[in-house]
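# Understanding the architecture of this molecule
Spelled out from the first residue to the last, the chains are:
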Amino acid sequence: ATSLSLYITIINITLIVINNCSLLNPGPCNFNSLSVFYQNVQGLITYSSLGSPDPTLNITKVCELSSYVVMHCPDIIILNETWLKDNVKNSELLPNNEYKIFRLDRSPKTHPPHPTDPKKFRRNGGGVLIAIKNALDMNPKLVKSNVNAEILSVLLNLKSGKKICITTCYRVGTLQERNFNEICNHIQNISNNKSISKHVMIGDLNLDTVNWKEVNSCSPNSLHQKFVNLFNENCMDQILNSPTHYRGNLLDLVLSDAPHIIKNVYIADHNEFIKSDHFAITFDINIKDAVKRIKPPKRIIRNYKKAEWLNINRDLAMIDWSQHIDYTDINTAWSNFKNILNSICDRHIPKAKIKNKSNCPWYDSEVNKINRKKERLRLQYKTSKNPEHYKKYSDARKELKSVIKSKMRSNLFDESNSSTLTKKFWSYVKSSSNSSRIPEHVYHENIYANNSYRKSNLFNTFFYNQFSEASRYDIDINFSDTQFHDFRFNVTVVKQILNYIDINK
């Protein structure tokens, strides 16, 4: 009986495991964690266009940022020293459908000039950014602030009704007491907000004289010590104790009034993710509430593997194309062709739903391969410090930039978009035609023309109607002082001019 009972128990357990394979492979189960990426990127625009109101993006850094986002999918992205201007759109940095972006670009308000020396502080540069993934069901909202400093805060709403505040601050090292007071007011306002349960702050504060390794951090610099006292008064602990700058300084800080929620802190190597003097920092924010992630809607595509090609060819062969194309203008003909083809495809090609990938459309297997090659060469140079290895790493970065730029340009013509298909069609018409100006079909006064003689007559009729009657403009024009007062028109001169016209232009 005991053996039979044991046998039945084993059978039941086996059946449960077979029907519920998640017991063996539960998959990712850390639903209470938010992944964070931070870096002082030292400009997402080129240095040469720093003073321009319409600056040029630093394609290399934007591509490196995009590559990291595609590969690691961070929930929160925080950047310092973006150098951005109003004319740079959020969609140029990150896909709008993936992240909600909050920016505070440098302005006279966030970075006031020196009261006695207007040229002492840089008017350009600076700027901070926080991007929250749209898939997070946390309703991120900007914390309104009137302080004159480069400090930005965003509230994340938890299911329990409480809120987490994410703050980033960039402080130029030469700024003095006035800037400290502004930052102090902002932090204290957040601390006094009872609806905020936890506060996480990260940024480049340039407090290089503070010894953060000691429990009671202190600084010989009186202003830096005021910042230390400010953090202590608001119960904010500093998490990092390793350099965040290639010169060995700890300039970028991670502070929180709940340090126990900061997990898996990683300070990246120099230039590991985005080329900068500052190292990137990643960490997780662990919270008690389960983080609900909204699944992206599925896309509907045609399943060409199951297409009925014989039926498609049969239906296409039965179409009288001359009826739809030959006696109409080229725009109508193109529209007719698309509608007929789509109608036949809808009948004979089944639809399928697929997951909506978060990857940038230009980030394909080729880009991923080059990106991994670049990272492998970077690690090789880090170990060897060999100039030849650095050159290989540098060449790989240039190759990645070149390939990504090419992919981004080609992706402008997305074949799933009918408007870009139209652009492709007209591009083909222009390249395959002897003339880029005169269309194959001309329409005027309810008459279609598709041969040279009839088209010429329609053009003549059109221009004759434009100039056959005297104009009735009520404008007082005085020709007495014009240098063309002796200019004369005659048939011979006009004919001579017309003979030299290039009809292809």
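Everything that follows concerns the structure shown earlier in this document.
Quick look at the structure, then. (Residues numbered from 1 in each chain as written. Predicted model: local features only at pLDDT ≥ 70, side-chain atom pairs only at ≥ 80, totals over all residues. Heavy atoms only, no water.)

### Some words on the overall build of the chain
From N to C terminus, the chain includes 12 helices and 16 strands. Taking all 505 residues of the chain together, 37% fall into the buried category. Taking the contacts inside the chain whose residues are at least 6 apart along the sequence as the reference set, 68% of them involve residues at least 24 apart. Within the structure as shown, the chain displays about 31700 Å² of accessible surface, and the carbon and sulfur contribution to it stands at 53%. (Helix = DSSP H or I, 4+ residues; strand = E, 2+ residues; numbered from the N terminus. Buried < 20%, exposed > 50% of the residue type's maximum accessible area, 1.4 Å probe, protein only. Contact = heavy atoms within 4.5 Å. Areas by Shrake-Rupley, 256 points an atom, 1.4 Å probe, with all protein chains shown as cover.)

### A few points about a nonpolar patch on the surface
A contiguous nonpolar surface patch, about 590 Å² in accessible area, is contributed by Phe-489, Val-493, Val-494, Ile-497, Leu-498 and Ile-501. By relative accessible area, which is 69% here, Phe-489 ends up exposed. (Patch = residues over 30% accessible without salt bridge, like charges linked within 9 Å, V, L, I, M, F, W, Y side chains within 5 Å. Salt bridge = Lys/Arg side-chain N within 4 Å of Asp/Glu carboxyl O.)

### Examining the packing of aromatic side chains
A full pass over the atoms with the stated rule returns 11 aromatic pairs. Members of the aromatic cluster, joined through ring pairs, are Phe-37, Tyr-68 and Phe-273. Note that Lys-385 overlies the ring of Tyr-381, its terminal NZ or CZ placed 5.5 Å from the centroid. (Phe/Tyr/Trp six-rings, centres within 6.5 Å; stacked < 30°, edge-to-face > 60°. Lys NZ or Arg CZ within 6 Å of the ring centre and 35° of its normal.)

### With respect to the pattern of salt bridges
For side chains bearing opposite charge, pairing can occur when the charged atoms are close. A full pass over the atoms with the stated rule returns 15 salt bridges. Across the salt bridge formed by Glu-150 and Arg-106, the nearest N and O atoms sit 2.9 Å from each other. Of the two residues, Glu-150 sits in the loop between strand S5 (141-142) and strand S6 (151-157) while Arg-106 sits in the loop between strand S3 (99-104) and strand S4 (128-133), which places them 44 residues apart along the sequence. For the pair Glu-150 and Arg-106, a shared accessibility class is recorded, and that class is buried. When the shortest N-O distance is used, the salt bridge between Asp-395 and Lys-391 registers 3.1 Å. In this pair, Asp-395 and Lys-391 both sit in helix H9 (residues 387-410), 4 residues apart, roughly one turn of the helix. Within this structure, Asp-269, Glu-272, Glu-375, Arg-378 and Lys-382 form a network of salt bridges that share partners.

### Topic: a positive patch on the surface
A cluster of like positive charges, contributed by Lys-295, Lys-298, Lys-353 and Lys-355, occupies part of the molecular surface. Relative to the helices and strands, Lys-298 is located in the loop between strand S12 (281-286) and strand S13 (299-302). Look at Lys-298 and you get exposed, because its relative accessible area is 56%. (Lys, Arg positive; Asp, Glu negative; His and termini not counted. Charge placed at Lys NZ, Arg CZ, Asp CG, Glu CD.)

### A short note on the sheet that holds strand S1 (residues 33-40)
Sheet strands pair by backbone hydrogen bonding; their relative direction is either parallel or antiparallel. An order of S3-S4-S2-S1-S12-S11 is seen for the 6 strands of this open sheet, with the pairing classed as mixed. Two strands lie at the open edges of the sheet, namely S3 and strand S11 (262-267), each paired on one side alone. In this sheet, neighbouring strand axes are inclined to one another by 15° on average, regardless of whether the strands run parallel or antiparallel. When S3 meets S4, the two strands line up antiparallel, connected through 6 bridges. Paired with Phe-102 across the strands is Ile-130, a residue of S4. (Pairing = 2+ DSSP bridges. Axes fitted to C-alpha atoms, helices over the stretch in contact; angles between N-to-C directions.)

### Quick word on the pairing of strand S10 (residues 252-256)
Counting buried positions along S10 gives 5 out of 5 residues, so the element sits mostly inside the fold. Of the two faces of S10, the one carrying Asp-252, Val-254 and Ser-256 and the one carrying Leu-253 and Leu-255 are both buried. Pairing analysis gives 5 bridges linking strand S8 (residues 196-204) to S10, with the strands arranged antiparallel. Paired with Gly-203 across the two strands is Leu-253, which belongs to S10. As judged from the 2 bridges shared by strand S9 (residues 237-238) and S10, these two strands associate in the antiparallel manner.

### Section: the nonpolar core
Ranked by internal contacts, the top residues of the largest apolar core, which has 55 residues, are Ile-76, Ile-166, Phe-231, Phe-283 and Ile-285. Here this core takes 5 residues from helix H4 (residues 222-233), the largest share from any one element. Setting aside its immediate chain neighbours within four residues, Ile-166 contacts Ile-76, Ile-78, Ile-130, Leu-152, Ser-153, Val-154, Leu-156, Val-200 and Ile-285. Judged by nonpolar contacts, the second largest core, of 25 residues, contains Val-41, Leu-65, Leu-93 and Ile-274. (Core = buried A, V, L, I, M, F, W, Y, C linked by side-chain atoms within 4.5 Å.)

### Points about the side chain of Asp-75
In this fold, Asp-75 is placed in the loop between helix H2 (59-72) and strand S2 (76-80). The buried category is assigned to Asp-75, whose relative accessible area is 5%. Polar side-chain contacts of Asp-75 include one of 3.0 Å to the backbone nitrogen of Ser-35. In this structure the side chain of Asp-75 is engaged in a polar contact, spanning 2.7 Å, whose partner is the side chain of Arg-293. (Polar contact = N/O pair within 3.5 Å; in protein donor to acceptor, adjacent residues only side chain to side chain.)

### Brief notes about the sheet that holds strand S7 (residues 163-169)
On the basis of which strands lie adjacent, the open sheet formed by 6 strands has the order S5-S6-S7-S8-S10-S9 and mixed pairing. Of all the strands in the sheet, just S5 and S9 have a single pairing partner and so form its edges. Both S6 and S7 contribute to a ladder of 7 bridges, which runs antiparallel. Opposite Leu-155, over in S7, you have Cys-165 as the bridge partner.

### Details of the side chain of Glu-81
Locating Glu-81 in the fold gives a position in the loop between S2 and S3. Among the polar contacts made by the side chain of Glu-81, one reaches the side chain of Asn-40 at a distance of 3.1 Å. Leave out the neighbours within four places in its chain, and Glu-81 touches Asn-40, Val-41, Gln-42, Gly-43, Gly-126, Gly-127, Tyr-170 and Asp-204.

### Some remarks on the environment of Asp-208
Relative to the assigned elements, Asp-208 resides in the loop between S8 and H4. Since its relative accessible area comes to 45%, Asp-208 is described here as partly exposed. Counting along the chain gives 13 residues from Asp-208 to Asn-221, while the straight-line C-alpha distance between them is 9.5 Å. Excluding its chain neighbours within four sequence positions, the residues that come into contact with Asp-208 are His-224 and Leu-251.

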